[in-house]
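Structural overview for review
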Amino acid sequence: RRSQRSQSYVWSAHSQVRKNQLTSTMAGDTPLDLEWLRDHTIDLLSSGIGAKCLFATDQWFAAADNLINPSEPVWKEGVFSPQGKWMDGWESRRKRDAGHDWALYRLAVPGTIGAFDADTAFFTGNFPPMISIEAASDVTEHEWLEHARIAVGTRATPDMVAAAEATVASTKWVTLVERSALRPGVDETRHNVFKSACPDQVFTHIRVNYHPDGGVARLRAFGEPRPDFARMAAVAASAGVLADLSSQRNGGRALLWNNMHYGHPRNILRSDQGKNMGDGWETARQPTRPAVLEIGPDGNIVNPGSDWCVIELGTAAVIERLEVDTSFFKGNYPESFQVECCVAPWKGAKEVSKADVDAADWKVLFPRAKLGPDTILQCKVDPGLQVECTHLRLTIFPDGGIMRFRALGKPVINAAL
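From a predicted model like this one, the values you see are computed outputs, not experimental measurements.

A few words on the overall build of the chain. Each helix and strand in the chain was counted, giving 4 helices and 22 strands. Across the 417 residues in the chain, those meeting the buried criterion constitute 54%. With an accessible surface of roughly 18400 Å², the chain has 51% of that area assigned to carbon and sulfur atoms.

It is worth spelling out unusual backbone geometry at this point. Of the consecutive residues His-211 and Pro-212, the connecting peptide bond is found in the cis state with omega at -5°. Inspection of the secondary structure assignment puts Pro-212 in the loop between strand 10 (202-211) and strand 11 (215-216). Residues other than glycine seldom take positive phi values, yet Phe-122 does so here, at roughly 75°. Structurally, Phe-122 can be placed in the loop between strand 6 (102-119) and strand 7 (130-136). Using a relative accessible area of 30% as the deciding quantity, one classes Phe-122 as partly exposed.

A separate point is helix 2 (residues 158-169). Here helix 2 is 12 residues long and its end C-alpha atoms lie 16 Å apart, about the 16 Å a rise of 1.5 Å per residue gives. Regarding helix 2, the residues found buried are Ala-164, Thr-167 and Val-168. Buried positions in helix 2, seen along its axis, are confined to an arc of 95° and lie on one side of it. For helix 2, exposure combined with an orientation more than 90 degrees from the buried face picks out Pro-158, Asp-159 and Ala-169.

A few words now on the nonpolar core. Membership of the largest hydrophobic core comes to 39 residues, with the highest contact counts inside it found for Leu-45, Trp-90, Tyr-105, Phe-116, Ile-206, Val-208 and Leu-219. When residues of this core are traced back to their parent elements, those giving at least two are strand 2 (52-56), strand 6, strand 7, strand 8 (174-181), strand 10 and strand 12 (218-225). If you tally residues by element for this core, the top one is strand 6, at 8 residues. Setting aside its immediate chain neighbours within four residues, Leu-219 contacts Leu-45, Leu-67, Phe-116, Asp-117, Ala-118, Ile-133, Ile-206 and Val-208. If you look at the next biggest cluster of nonpolar residues, it comprises 33 residues, including Ala-254, Val-324, Leu-365 and Ala-407.

In terms of burial, strand 12 is a largely internal element, 7 of the 8 residues being buried. Two elements, strand 1 (residues 42-43) and strand 12, share 2 bridges in a ladder whose sense is antiparallel. Bridge assignment links Ile-42 to a residue of strand 12, and that residue is Gly-223. As defined by bridge partners, strand 6 adjoins strand 12 across 8 bridges and the pair is classed as antiparallel. Residue Ala-115 lies in a different strand from strand 12, and its bridge partner there is Phe-222.

In this section: the pattern of salt bridges. By the definition in use, this model includes 21 salt bridges. Measuring nitrogen to oxygen at the nearest pair gives 3.3 Å for the salt bridge that ties Glu-72 to Arg-190. With Glu-72 in the loop between strand 2 and strand 3 (80-81) and Arg-190 in the loop between strand 8 and strand 9 (191-195), the pair connects residues that are 118 residues apart, well separated along the chain. A relative accessible area of 44% means that Glu-72 is categorised as partly exposed. Looking at Arg-190, the relative accessible area reads 13%, which means it is buried.

Consecutive side chains of a regular strand alternate in pointing toward one face of the sheet and then the other. Counted residue by residue, strand 17 (residues 336-342) has 7 buried out of 7 residues, so it is predominantly covered. Summarising the sheet, strand 17 and strand 18 (residues 363-370) pair through 5 bridges and their orientation is antiparallel. Note on strand 18: the bridge partner recorded for Cys-341 is Lys-363. Sheet topology places strand 17 next to strand 20 (residues 388-397); 7 bridges connect them, and they run antiparallel. Across the sheet, the residue bridging to Glu-340 is Arg-393, located in strand 20.

Glancing now at the environment of Ile-268. Mapped onto the elements, Ile-268 comes out in the loop between strand 14 (253-257) and strand 15 (281-282). Between the C-alpha atom of Ile-268 and that of Ser-246, which follows or precedes it by 22 residues, the distance is 9.3 Å. Dropping the residues within four chain positions of it, Ile-268 is found in contact with Trp-281, Ile-311, Leu-394, Ile-402, Met-403, Arg-404 and Phe-405.

Attention now moves to the packing of aromatic side chains. The tally for this structure, following the rule as stated, stands at 4 aromatic pairs. A ring pair is formed by Trp-90 and Tyr-210, whose centres lie 4.1 Å apart and whose planes are at 25°; its orientation type is stacked. One end of the pair, Trp-90, is in strand 5 (residues 90-91); the other, Tyr-210, is in strand 10, and 120 residues separate them in sequence. As far as burial versus exposure is concerned, Trp-90 and Tyr-210 are alike and both buried. The positively charged end of Lys-85 is found above the aromatic ring belonging to Phe-80, 5.9 Å away from the centroid. In this arrangement the basic side chain of Arg-368 is found over the ring face of Phe-397, its NZ or CZ atom lying 4.3 Å from the centre.

This next bit is on helix 3 (residues 229-239). Among all positions in helix 3, only Phe-229, Met-232, Ala-233 and Ala-236 are buried. One face of helix 3 carries all of its buried residues, which in axial projection span an arc of 100°. Across from the buried face of helix 3, at angles greater than 90 degrees, the exposed residues are Arg-231, Ser-238 and Ala-239. Against the buried residues of helix 3 lie strand 13 (243-244), strand 16 (307-325) and strand 22 (404-411). Of the residues one or two after helix 3, Gly-240 is the one with positive phi, at around 75°.

Below, the discussion takes up the environment of Asp-361. When you line up the elements, Asp-361 lands in the loop between helix 4 (354-359) and strand 18. Under the relative-accessibility criterion, Asp-361 is labelled exposed at 54%. Each C-alpha atom of the pair Asp-361 and Ala-344 lies 8.4 Å from the other, and the pair is 17 residues apart in sequence. Asp-361 has contacts with Cys-341 and Cys-342, leaving out every residue within four places of it along the chain.

Reading the values: the criteria
Residues numbered from 1 in each chain as written. Predicted model: local features only at pLDDT ≥ 70, side-chain atom pairs only at ≥ 80, totals over all residues. Heavy atoms only, no water. Helix = DSSP H or I, 4+ residues; strand = E, 2+ residues; numbered from the N terminus. Buried < 20%, exposed > 50% of the residue type's maximum accessible area, 1.4 Å probe, protein only. Areas by Shrake-Rupley, 256 points an atom, 1.4 Å probe, with all protein chains shown as cover. Expected span 1.5 Å × (residues − 1). Arc of directions from axis to C-beta. Core = buried A, V, L, I, M, F, W, Y, C linked by side-chain atoms within 4.5 Å. Contact = heavy atoms within 4.5 Å. Pairing = 2+ DSSP bridges. Salt bridge = Lys/Arg side-chain N within 4 Å of Asp/Glu carboxyl O. Phe/Tyr/Trp six-rings, centres within 6.5 Å; stacked < 30°, edge-to-face > 60°. Lys NZ or Arg CZ within 6 Å of the ring centre and 35° of its normal.

Here it is as structure tokens:
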């Protein structure tokens, strides 16, 4: 039915750092551990939050768009396309002329990149022997790029490649990953984690180089967005346009949770639309729910138990509207939800415990309210409950799945925390 996650009850994302952490570090003393990177940073190269492939020299076997797909790569046994075996990644043909294959990507938002994960899943005999990655912050996206996209089963013409090379040549590129060897796409060796050579510099684009050709399933660029909160605040003040401060594009992240049995809570902070239940956060059935459910005077189930997720906003903000999306969750949506808020000094903290969360001064932002199947609920926060906050706690009763969550508000500039 769905791939079951083994982490049913996880009190802290921070407590799950693997014991066999890599000794390498990215910025400062941040460990280059894949689980740590997933839980503490944001993949700026994910199409799920707006990253885009602008150009690729060759897409014979599989499209370069696949490289930035936020979903895990899959294997389809016995499935072939006219070009050959169907593969979930970006795979070029076996090169028979001069040069090497490369692709140009725009990051979802400008930001710093601390590390990369080149995932060669299922590419066991057709991955590039080596890869290198460059980045830039002043790429001019010429109009021709919109018309230079090639279809799967083709490669760019010499004129297209020459024009793309000219664009690249006119830009100052910084090498973040020197030419480095990749390993086969089996479970033990598929994840190739590389430290960025410039973890503190802000970039907008990256160039991925295959040396000389081959296929990689996914490339993750773990870092931190650098949104312009001052501009967001100005737009909110002048035009009344609120910003989604929980979005990964704006630095929001899932900080802690108690259950991620069928889907990770970070999924609900993506900016794209979900395609199926696997794109959301879904918990296991609540084991403490009553044997016979009763409905209280308020219309809600009595003592059903609950699951929760703590969300760190991109910056301190006053939240005015909420959006809770249960798309695709038709028989497994939560009965109801509640949102609380607090101000806490957890931004950038190495570790936050459940005890820290319990001790925080939580205030109700939106009281418990009903949810429905496969729908998007728009909620206006009572002005009397609108206060400055840095973190939200989303609680669902008793369990179930949510596709997306938005917290729309005004950034607080020069906040104390």
